[in-house]
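# Residue-level structural notes
This is what each chain is made of:
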Amino acid sequence: MNDTSADIQSSTGTRIDWVDGRCRLLQETRAEFADTLPFANLTIGMSLHLEPKTAALIVTLHQGGAKIVATGNLNSTQPETVAYLKARGINVVGHQTKDPGVHGDFLDQIIDSQPDLLLDNGGDLFTRYINRPYAGLLGGTEETTSGRMRLTPLRKQIQKPLLVINDSPIKQFAENHHAVGQSTVESIMRFTNRVTNGRRVTVIGYGSTGRGVAAHFRNAFSVVTVVDIDPVATLQANLDGFLTPERAHAISSADLIITATGARNVLTADDLAQLKDEVVLANVGHFPQEIDVAGIEASGQIENIVEYDDEIATWELKDKRRVHLLARGHMINLAGTRPLGNSIESMDLGFTLQARCLEAVARGQVGPQHCVVPVPPDIDAQVASSYLNLVRASM
Ligand SMILES: NC(=O)c1ccc[n+]([C@@H]2O[C@H](COP(=O)([O-])OP(=O)(O)OC[C@H]3O[C@@H](n4cnc5c(N)ncnc54)[C@H](O)[C@@H]3O)[C@@H](O)[C@H]2O)c1
């Protein structure tokens, strides 16, 4: 008899270990940074969703010599990630909160430490820097389209290199389009456990994120309608084969409505009258105000609210229709029970862009003329080549 089981050893790992081991671009970058130390004697202040993939980025920057002072974004901070980072000597400010005031205090503390570089997500840090500028800021990065919209009019007040990761084509197709589409389908099923087949899904916003959400629900056998305030984007949706009726019809016919615009008050109390009984509302845009939850709850049209486990709330309207809201309008793929966020590979790409852009700012390879601009094309090409090399090596 050939019994080998006695020879097998066993060990355990956390989900963060699993994720970190699959962030192969960050691992390569980390090994290089340990030699080149681009952030020696520099502090990076950051605000980003504190989840396992972000931990892989932070450890990479730390290996590059950076002192880190980090806080999360509203609602999405994962306690296991905070504990993991603290155990590695990272200064983490704050904890998971849905309270914008409490979160604002955490952001203030990041600026109080006067970092040399800022890694921003939504423009919260740079807008605070403008109100309380200090000497020594070299510049930094902004992750999102929402942050770019906020910071573009403030260029004259910032006057530092500030590279917008969202505006890399890699971020747009790898994360916003493919990964958010996948993770939104996964998250809607995780929250509701309802079928996607044959359901009428309305996607509001047809930018790179909305395009991915619409495509992935089509792949999940839903009947997908698209609404966008921009007629050119709406035309593109139409030619991509989606239904593009007037907004009122798109709202009233939907079983599931997903906002993906980066704007505020996209769905409001004025829309309640048109919604179907049992419609589900969810948001994937950066700010939780895409669905005006506060305005809807103050509108006088709701008789009762049922709060289910796992962050499903049902608004029972006075006319007896029920409207279900997921995660109180926070980003669906980073909320609720066991949120996984976007795929490891998509975030590995996006966070390697982050690491390389911060390196370019730290080394003075970009200047004040690069204030709120896309990722430089040579960094895009470098990151794309590295990923392709890894893919080819495993073919
Ligand atoms: N959840 C995630 O993991 C994740 C990842 C990436 C991006 N995002 C977020 O998704 C949002 C959209 O990002 P994007 O890159 O697609 O932006 P984008 O600017 O490319 O596209 C947004 C689209 O929404 C449309 N729009 C704006 N206001 C509208 C309104 N009131 N009604 C209908 N359409 C409207 C615009 O015309 C545009 O076509 C941003 O907030 C971004 O931060 C989330």
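Residues numbered from 1 in each chain as written. Predicted model: local features only at pLDDT ≥ 70, side-chain atom pairs only at ≥ 80, totals over all residues.

### Details of helix α14 (residues 344-362)
The end-to-end C-alpha distance of α14, which contains 19 residues, comes to 26 Å, matching closely the 27 Å that a straight helix rising 1.5 Å per residue would cover. Of all the 19 residues making up α14, 19 are buried; the element is thus mostly covered by neighbouring parts of the structure. Looking one or two residues past α14, Gly364 carries a phi angle of roughly 70°, positive in sign. (Helix = DSSP H or I, 4+ residues; strand = E, 2+ residues; numbered from the N terminus. Expected span 1.5 Å × (residues − 1). Buried ≥ 20, exposed ≤ 12 C-beta atoms within 10 Å, placed from the backbone.)

### Digging into the environment of Ala313
When you line up the elements, Ala313 lands in strand β12 (residues 312-317). Classification of Ala313 as partly exposed rests on a count of 18 C-beta atoms within 10 Å. C-alpha of Ala313 to C-alpha of Ala327: the two residues are 14 residues apart in sequence and 7.9 Å apart in space. Residues contacting Ala313, with those up to four places away along its chain left out, are Ile305, Val306, Glu307, Leu325 and Arg328. (Contact = placed C-beta atoms within 7 Å.)

### Structural notes on the domain arrangement of the chain
Note: interface size is frequently given as the accessible area lost on complex formation between the parts. Domain boundaries in the chain define domain 1 (10-167 + 342-393) and domain 2 (177-330). Spacing between the C-alpha centres of domain 1 and domain 2 amounts to 30 Å. With 10 residues of domain 1 at the interface, the matching set in domain 2 holds 10 residues. The element best represented in the side of domain 1 that touches domain 2 is helix α7 (residues 145-151), accounting for three residues. Among the residues making up the side of domain 1 that touches domain 2, the classes are represented as two nonpolar, eight polar and no charged. (Domains from an automatic or database assignment. Nonpolar A, V, L, I, M, F, W, Y, C, P; charged D, E, K, R; others polar.)

### Details of the packing of helix α5 (residues 100-112) against helix α6 (residues 124-131)
Between α5 and α6, the shortest axis-to-axis distance is 10 Å and the interhelical angle comes to 60°. As summarised for this structure, α5 and α6 are arranged oblique, according to the angle between their axes. Classified by chirality, the crossing of α6 by α5 is right-handed. For the pair α5 and α6, the contacting residues are Leu107, Asp108, Ile110 and Ile111 in the first and Asp124, Leu125, Arg128 and Tyr129 in the second. (Axes fitted to C-alpha atoms, helices over the stretch in contact; angles between N-to-C directions. Parallel < 35°, antiparallel > 145°, perpendicular 65-115°, else oblique. Left-handed = near helix turned anticlockwise from the far one by under 90°.)

### Section: helix α2 (residues 24-36)
Between the first and last C-alpha of α2 there are 18 Å, a value that for 13 residues agrees with the 18 Å anticipated at 1.5 Å per step. Residues of α2 that are buried include every one of Leu25, Leu26, Thr29, Arg30 and Phe33, and no others. Take α2 and look down its axis: the buried residues cluster within an arc of 135°, on one side only. Structural note: α2 exposes Ala31 and Asp35 on the side pointing more than 90 degrees away from its buried face. (Arc of directions from axis to C-beta.)

### Some points on the sheet that holds strand β8 (residues 223-227)
An order of β8-β7-β9-β10-β13-β12-β11 is seen for the seven strands of this open sheet, with the pairing classed as mixed. Only two strands of the sheet have a single partner each, and these edge strands are β8 and β11 (302-308). Each neighbouring strand pair of the sheet contributes to a mean axis angle of 20°, computed without reference to strand direction. Pairing of strand β7 (residues 200-204) with strand β9 (residues 256-259), which is carried by four bridges, proceeds in the parallel orientation. (Pairing = 2+ DSSP bridges.)

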